[in-house]
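These are the residues of each chain, in order.
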Amino acid sequence: MKLSHMEFIKTSLPFTFSTMAASLMGAVDTAVVGHLGNYTYINAVSLGAVIFSTVYWLFGFLKISTSGFAAQALGQHDPKLLAGAFIRGVLAAFGIGLLLVILQEPIWRIALLLFNPDAATRPMLEQYYRMLIWIMPLTLVFQTAQGWFAGTLHVRIAVLTALASNIINLLLDVLFVIVLHYEVTGVAAATCIANITGFLAILYFYAKHKPLPLTAVPLRKIFSGPTCRQMLQCGSHLTVRMFCMIIMVNSFMHQSSAFGGELLAANSILFQIQFIMGDILTGLSQAGAIYSGIAFGEHDRSMLNDTLRISFIWAIGFGLLQTVGYYCCRHAILGCFTNLHSVIATAQQYDLFIAFFPLISALGIVYYGVFNGALYTKPICISMLLTAGCYLTAYFTLIPLYGNIGLWLAFLIFYIARSSFLLFFVPKLQQRVALA
């Protein structure tokens, strides 16, 4: 199979909209409370979003591995493998979600120790947390099932469910917060309803497009044998990767919380912007995962090389476009998140770090998808451990010297290291396809 630039972009753009769903919800939530006239609302919602983003990242291997298994099953033209990938991922996601509900109290105590919110922020943060934690099983199933649809190239379904959940979240945010004045409780309620709607929609589409009846694949086959072992192995590698991401994000927000007040609000807004930028690149990453998965399923080295080359070109192109676009529109973008002039002024002192983020992070984010689609996840694990080491060194060295500037420098060093270390393993990936 010969992969073209047009085919790659046609696949990646819908996935970009799909993967932006979670970060757009957080951005909309922040923007709505950012216009309530008090930065404490921004702090509460942003810290709450980080708590749940941490959970999503920690168990993000469910979505990612499900997408990789689905893509390889598609390449092998095996409907039983396709159905098995869906059932395995969804059941694991639901079980982990239930465990998180049971453990909600210790998770909350860890969050308090980590972020140490002030007296004004804590009650609003707790309201947000207590509502969203109860829908974690449905949210994780929704995200994992989206990975399956991505892996099977059901592009419109991935886009429709993401778009529907975001529109519902936006409309309900306006209704609950602006019209009914429910403040942070309204934001949490809107997010809950939007995720429940997405969960129901994704199950409906699977029932409509399933490759086989669910009963056609016995559970003992789904959770046994080499496929399950491979999922656990990939899951362990990707969990290490997620844990390294969690260290970076949570230490960043911990230090921002220590700075407190308007600086926490400004950093929170800038972090929401980089989430969106990263998700735009994640669309390319998912396209790379699909085509590398198909290449390994078909043992097609030429297609893998095409995927690597085209991914490289578009990663640099999208990164440069976002850097220039943000720089040109930075004042208008910040104004969308809050009308508090003091917070905007504080954010403008540091937002050039965000402007360079897409260009610096592009290759690491996009090639991560290529490695994952090939289910060759050990390099991801190794490169992220090295990256975390570089970040922590910069974090503890630069912050005492330069304060918030040092914090943002450590953030950029994380992504420079991530891209650099992963590139070292590309030749091994190319050799591996011939042996698959």
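An account of the accompanying structure is given in this report. (Residues numbered from 1 in each chain as written. Predicted model: local features only at pLDDT ≥ 70, side-chain atom pairs only at ≥ 80, totals over all residues. Heavy atoms only, no water.)

For Thr-66, the location among the structural elements is in helix α3 (residues 61–76). Among the residues examined, Thr-66 registers a relative accessible area of 2% and is labelled buried. (Helix = DSSP H or I, 4+ residues; strand = E, 2+ residues; numbered from the N terminus. Buried < 20%, exposed > 50% of the residue type's maximum accessible area, 1.4 Å probe, protein only.)

On to the packing of aromatic side chains. Counted under the stated rule, the structure contains 27 aromatic pairs. Through successive ring pairs, a cluster of aromatic residues spans Phe-252, Phe-271, Phe-275, Phe-353, Phe-357, Tyr-391, Tyr-395, Phe-396, Trp-408, Phe-411, Phe-414 and Tyr-415. When the ring centre of Tyr-368 is taken as reference, the NZ or CZ atom of Arg-241 above it lies at 4.0 Å. Above the face of the Tyr-368 ring, Arg-418 is positioned so that its terminal group lies 5.7 Å from the ring centre. (Phe/Tyr/Trp six-rings, centres within 6.5 Å; stacked < 30°, edge-to-face > 60°. Lys NZ or Arg CZ within 6 Å of the ring centre and 35° of its normal.)

Here the focus is helix α12 (residues 261–297). Here α12 is 37 residues long and its end C-alpha atoms lie 52 Å apart, about the 54 Å a rise of 1.5 Å per residue gives. Taken as a whole, α12 carries its principal kink of about 25° at Leu-281. For α12, a buried count of 33 out of 37 residues is recorded, marking the element as mostly surrounded by other parts of the structure. Count one or two residues on from α12 and you reach His-299, which has phi positive near 55°. (Expected span 1.5 Å × (residues − 1). Bend = angle between axes of the 7 residues up to and from the residue.)

The next point concerns α3. Helix length check: α3, at 16 residues, gives a terminal C-alpha distance of 22 Å against a target of 22 Å (1.5 Å per residue), a fit within 8%. Judged by how many residues are buried, α3 sits mostly within the fold: 14 of 16 residues are covered. Two residues or fewer after α3 comes His-77, characterised by a positive phi angle close to 55°.

Turning to the pattern of salt bridges, a few remarks are in order. Counted according to the given criterion, the structure contains six salt bridges. Across the pair Glu-105 and Arg-109 runs a salt bridge, and its minimum N-O distance is 3.8 Å. With a gap of four residues between them, Glu-105 and Arg-109 both fall in helix α5 (residues 104–115), about one helical turn apart. Glu-105 sits in the partly exposed class, given a relative accessible area of 31%. Residue Arg-109 is classed as exposed on the basis of its relative accessible area, which comes to 54%. When salt bridges that share partners are traced, they join Glu-105, Arg-109, Glu-126 and Arg-130 into one network. (Salt bridge = Lys/Arg side-chain N within 4 Å of Asp/Glu carboxyl O.)

Looking now at the packing of helix α13 (residues 301–337) against helix α15 (residues 351–373). When two helices pack together, their arrangement is given by the angle between the helix axes and the distance between those axes. Put simply, α13 and α15 touch, their axes get as near as 8 Å, and they point 160° apart. With respect to their mutual orientation, α13 and α15 come out roughly antiparallel. Between α13 and α15 lies a crossing of right-handed hand. Among the residues making up the contact of α13 with α15, the classes are represented as 20 nonpolar, five polar and two charged. (Axes fitted to C-alpha atoms, helices over the stretch in contact; angles between N-to-C directions. Parallel < 35°, antiparallel > 145°, perpendicular 65-115°, else oblique. Left-handed = near helix turned anticlockwise from the far one by under 90°. Nonpolar A, V, L, I, M, F, W, Y, C, P; charged D, E, K, R; others polar.)

Backbone geometry at Asn-116 places phi at a positive 45°, although glycine is not the residue there. Tracing the sequence through the fold places Asn-116 in the loop between α5 and α6 (122–132). Classification of Asn-116 by relative accessible area gives exposed; the value is 60%. In the Ramachandran plot, Glu-183 falls in the positive-phi region, its phi being about 55° despite a non-glycine side chain.

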